[in-house]
Amino acid sequence: MALFRMRNSGRRVLDDVDVVLADLDGVVYKGADAIPHAVESLNRAAQGARLGYITNNASRTDEAVAGQLRGFGLDVAASDVVTSPQAAVRLLAQQVPAGSRVLVVGGEGLTSVVAAAGFQIVDSADDDPAAVIQGFAPEVGWSQLAEAAYALGTGDDGIPWIATNTDWTLPTSRGLAPGNGTLVSAVHTAVGRLPLVAGKPETPIFEEATARFRAKHPIFIGDRLDTDIAGANRAGIASVHVLTGVDGAKQLLAAGPEERPDFILEDLRGLHEPYPEAEEGRGGQITVGDAAVRLNGHRVEVVREGSPLNLLRAACRVIWDSGLAIYALDVPERLYR
Ligand SMILES: [Mg+2]
């Protein structure tokens, strides 16, 4: 069977893709440094597709992000950057009439977008806001959170509440800090309800991006399964998981159906290399390039070691196709590394 199928048909990840959307931290840069091969690979991708960048971080403007990316050598305009405040304002406009008073909890990255959309920004519940919009900024403190709680009240019939994102952590040069999710959670604990969320893994930020870039066959590159890949899957966008950021082999092997990417790359050079197709052989054996893995009962067996990347791709396919949870399987430890 496999004999008559083309192996390594030469398909590349970006074949037929018109818009490449990329997450930032863990994909383009880590801290202050560009991730090896990311900039050259994205610049090359820009020769055949439109490039856009998606960030949940609400504390910086699109121009600030674009400026940082230009500093790495990417050709980026502010309009190429989709921020969670932009997606949040899209949600806001669906909830309250144009020009409404809106209580903003956040910094300039959020207030500038809310104001540009024609809403009146207020900072007190006493100003009778029609909605509350909340995003991270380092200066957000108890007073702003309290105003949000007063404005939202504790009843079920309160005004709309929109969060730019609910990331629990925020990567900083000194380590992980509490993210917007922790600040939203503080308000949630006080008022007893949850906000609408614009950022990954929710779909508004992807909808904002596909609408703005008029994408027909977009692809999204991320480094976290629970936000990036889950979000792209929910939005119906093909997804690439790159192993230069947060989630690695262990998380991939254990990923639930909603968090499984279409492609797995070691770094972004893989965008331009042939992507080996998984071939199913006798007894459910999966061959990916030079690696082969099979399931024997509940034991995952390496048939051919191959390259570490192809081995991971093949093992993911075997485990994902088994329909069994990872803890129900006997998985060789070297697959996790
Ligand atoms: Mg990331």
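Cut-off values and rules
- Residues numbered from 1 in each chain as written.
- Predicted model: local features only at pLDDT ≥ 70, side-chain atom pairs only at ≥ 80, totals over all residues.
- Heavy atoms only, no water.
- Core = buried A, V, L, I, M, F, W, Y, C linked by side-chain atoms within 4.5 Å.
- Buried < 20%, exposed > 50% of the residue type's maximum accessible area, 1.4 Å probe, protein only.
- Helix = DSSP H or I, 4+ residues; strand = E, 2+ residues; numbered from the N terminus.
- Domains from an automatic or database assignment.
- Contact = heavy atoms within 4.5 Å.
- Buried area = accessible area lost by both parts, 1.4 Å probe.
- Salt bridge = Lys/Arg side-chain N within 4 Å of Asp/Glu carboxyl O.
- Nonpolar A, V, L, I, M, F, W, Y, C, P; charged D, E, K, R; others polar.

A.B. asks: I tried to follow the nonpolar core on my own but got confused; where do I start?
C.D. replies: Nonpolar side chains in soluble globular proteins tend to be buried together. Within the largest apolar cluster, 58 residues are counted, with the highest numbers of intra-cluster contacts made by Val13, Val28, Tyr53 and Leu69. The greatest single-element share of this core, amounting to nine residues, is contributed by helix H10 (residues 308-322). Here this core spans two domains, since at least three of its residues come from each of domain 1 (2-56 + 202-272) and domain 3 (278-336). Setting aside residues no more than four positions away along its own chain, leucine 69 makes contact with Leu24, Val28, Tyr29, Tyr53, Leu74 and Val76. Core analysis: the second largest hydrophobic core is formed by 27 residues, Ala88, Val96, Val104 and Leu110 among them.

A.B. asks: Help me understand the environment of alanine 291, please; the structure alone is not making it clear to me.
C.D. replies: The topology assignment puts alanine 291 in strand E18 (residues 291-296). Remark: the alpha-carbon pair of alanine 291 and glutamate 202, spanning 89 residues in sequence, is separated by 35 Å. Non-local contacts of alanine 291, meaning those with residues more than four positions away in its chain, are made with Ile286, Arg304, Glu305, Gly306, Asn310, Leu311 and Ala314.

A.B. asks: Honestly, the domain arrangement of the protein in this entry has me stumped. Any pointers?
C.D. replies: When the parts of a complex come together, some accessible area is lost, and that lost area is often used as the size of the interface. As far as domains go, the protein holds domain 1 (2-56 + 202-272), domain 2 (85-197) and domain 3 (278-336). Here domain 1 and domain 2 have C-alpha centroids that lie 29 Å from each other. On the side of domain 2, nine residues touch domain 1, which itself brings ten residues to the contact. Around 820 Å² of area is buried between domain 1 and domain 2 when both sides are counted, 49% of it from carbon and sulfur atoms. The three residues of domain 1 that bury the most area against domain 2 are Asn56, Pro204 and Glu208, which together make up 52% of that side's buried surface. On inspection of domain 1 and its partner domain 2, the count reaches one salt bridge. Arginine 90 serves as the salt-bridge partner of glutamate 208, at 3.4 Å between the closest nitrogen and oxygen. By residue class, the composition of the side of domain 1 that touches domain 2 is three nonpolar, one polar and six charged.

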